[in-house]
Amino acid sequence: MTKKVTMQQIAERAGVSKYAVSKALSGQSGVSEETRERIVKIATQLGYFLQDNGVTKSKVGDAKEKRRAQTVVVLLPNVRMQTRASSFWGRIVDGVTAALADKGFGSILVTEHSPEHFLQVLNPSAVLGVIGVGYVATSLLFEIRNLGLPFILIDHEDESVPSDTVFANNFDATKQLTRFLLGQGHRHLHFIGDPSFSESFRQRWLGFRTALEEQGIALSQPDEWAGSLGVTRDEHIACLTRMANQLLREGDMPTAFVCANDALAISVMATLQQLRLAVPSQVSVTGFDDIDDASETRPALTTVYVDKKQMGARAVDLLLRRIEHPDAPREKLHVCGEIVLRDSTAAPVRRLEQADCEA
């Protein structure tokens, strides 16, 4: 029988007190975010979250017993540009609320992102469950789990607080999109987006890389092209302009950019146009998500359509299943996306050099 991992072991490994470990793992305040992250990482490595640590089946069972509650919390923390007005996140929320209404349940949208504020707006006894949309901090997920509430995550997962999840088929769709560009004749491609930003970005990066590897094409892009580019459109364009100028100086401009989402792709096209590089006759650009602006930008963006409302609806299905079957194996559900070919992609003509943007 495997020996149980204790908080004292975690404390010794992390160089902190057992009291600090308890606070960090229960989502309480009193420890810094840096310390909390270090403790969670060590606890995960030791296998702490794979054992029974007090979140008993009776707690989950309590959620099942109080199914008379008619309200589901839709948690959309106001971080990383996650807002109700977003044409990506907002559509997912629409899918969640519509599916709940169809099944006779109410919903409440909560945008708090700290455990303390979350508890101030929540009455756990009146809540059926929680559906998290986008990034949710580990400390907040700990609090939800400790309350015994069943929860589902959309476009996010956390190995420290496992749950059922809903994603688009990020890996397969990006691999297919990259294969399309390769089929057009592109051999010099760069990926735009930080794989560490989210699990979806990481899977899209892996799909891109796998498609190149299958064709025996080596990755040639600088690390910063797959690194942090900021959050806002202005930050994107500032970073992209600096890096694009460097590529032009070195005579190493790719013939196609595969972007982690449409917002980045639109920023890439704006940057290229500022440098007087024509899309797609000189450089092709693709996105992901098919947000509203993707079809309205000029040229219209080739992207991957994601049925965002369907992602929300399927999360409702998973939540109700979890309430009915609290001990069932966890599920990761992928909603398939479809490539939408528009005007931002074409067969490559020739390698670009500095003179192309100075002409």
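Shown above is the structure to which this text applies.
Residues numbered from 1 in each chain as written. Predicted model: local features only at pLDDT ≥ 70, side-chain atom pairs only at ≥ 80, totals over all residues. Heavy atoms only, no water.

Some details on the packing of helix α5 (residues 89–102) against helix α13 (residues 308–324)
Direction vectors running N to C along α5 and α13 enclose 45 degrees, while the axes themselves pass 6 Å from each other. Here α5 lies oblique to α13, going by the angle between them. Handedness of the α5/α13 crossing: right-handed. Residues R91, I92, D94, G95, V96, A99 and L100 of α5 lie in contact with α13, whose contacting residues are K308, K309, M311, G312, A313 and V316. Residue classes in the contact of α5 with α13 are distributed as seven nonpolar, two polar and four charged. (Axes fitted to C-alpha atoms, helices over the stretch in contact; angles between N-to-C directions. Helix = DSSP H or I, 4+ residues; strand = E, 2+ residues; numbered from the N terminus. Parallel < 35°, antiparallel > 145°, perpendicular 65-115°, else oblique. Left-handed = near helix turned anticlockwise from the far one by under 90°. Contact = heavy atoms within 4.5 Å. Nonpolar A, V, L, I, M, F, W, Y, C, P; charged D, E, K, R; others polar.)

Focus: the side chain of D158
Looking at the element boundaries, D158 is found in the loop between β4 (151–154) and β5 (164–168). For the buried D158, which has no salt bridge, the nearest side chain bearing the opposite charge is R145, at an N-O separation of 9.1 Å. Within the structure, D158 has its side chain in polar contact with the backbone nitrogen of S160 (distance 2.9 Å). When near neighbours in sequence (up to four residues on either side) are disregarded, D158 contacts T138, L141 and L153. (Buried < 20%, exposed > 50% of the residue type's maximum accessible area, 1.4 Å probe, protein only. Lys, Arg positive; Asp, Glu negative; His and termini not counted. Salt bridge = Lys/Arg side-chain N within 4 Å of Asp/Glu carboxyl O. Polar contact = N/O pair within 3.5 Å; in protein donor to acceptor, adjacent residues only side chain to side chain.)

Concerning the nonpolar core
Core analysis: the biggest nonpolar cluster contains 35 residues, and L189, M253, F257, C259, V268, L272 and V285 have the highest contact counts within it. Put simply, the parts of the chain that give this core at least two residues each are α8 (170–184), β6 (189–192), α9 (199–214), α10 (233–249), β7 (256–259) and α11 (262–274). For L272, the residues in contact, after removing those within four places along its chain, are F257, L277, V279, V283 and V285. (Core = buried A, V, L, I, M, F, W, Y, C linked by side-chain atoms within 4.5 Å.)

Some words on the sheet that holds β6
Spatial strand order, β6-β7-β8: three strands in an open sheet with parallel pairing. Where the open sheet ends on each side, the last strands, each with one partner, are β6 and β8 (284–286). Across the sheet, the mean angle from the axis of one strand to that of its neighbour is 20 degrees, orientation sign disregarded. Sheet topology places β7 next to β8; three bridges connect them, and they run parallel. Each residue of the ladder has a partner; that of F257, found in β8, is V285. Packing against the sheet, α8 makes contact with β6, β7 and β8, and its axis sits at approximately 170 degrees to β7. (Pairing = 2+ DSSP bridges.)

Side note on unusual backbone geometry
Glycine aside, negative phi is the norm for most residues, and most peptide bonds take the trans geometry. Cis geometry is adopted by the peptide bond preceding P280, which originates at V279 and carries an omega value of 10 degrees. Its location among the elements puts P280 in the loop between α11 and β8. Between R298 and the following residue, P299, the backbone shows a cis peptide bond with an omega angle of 0 degrees. Looking at the secondary structure, you find P299 in the loop between α12 (292–296) and β9 (303–305). A positive phi angle is found at D155, which is not glycine, with a value near 60 degrees. Residue placement: D155 occurs in the loop between β4 and β5. Positive phi values are uncommon outside glycine, yet D289 reaches one of about 115 degrees. Within the secondary structure, D289 is located in the loop between β8 and α12.

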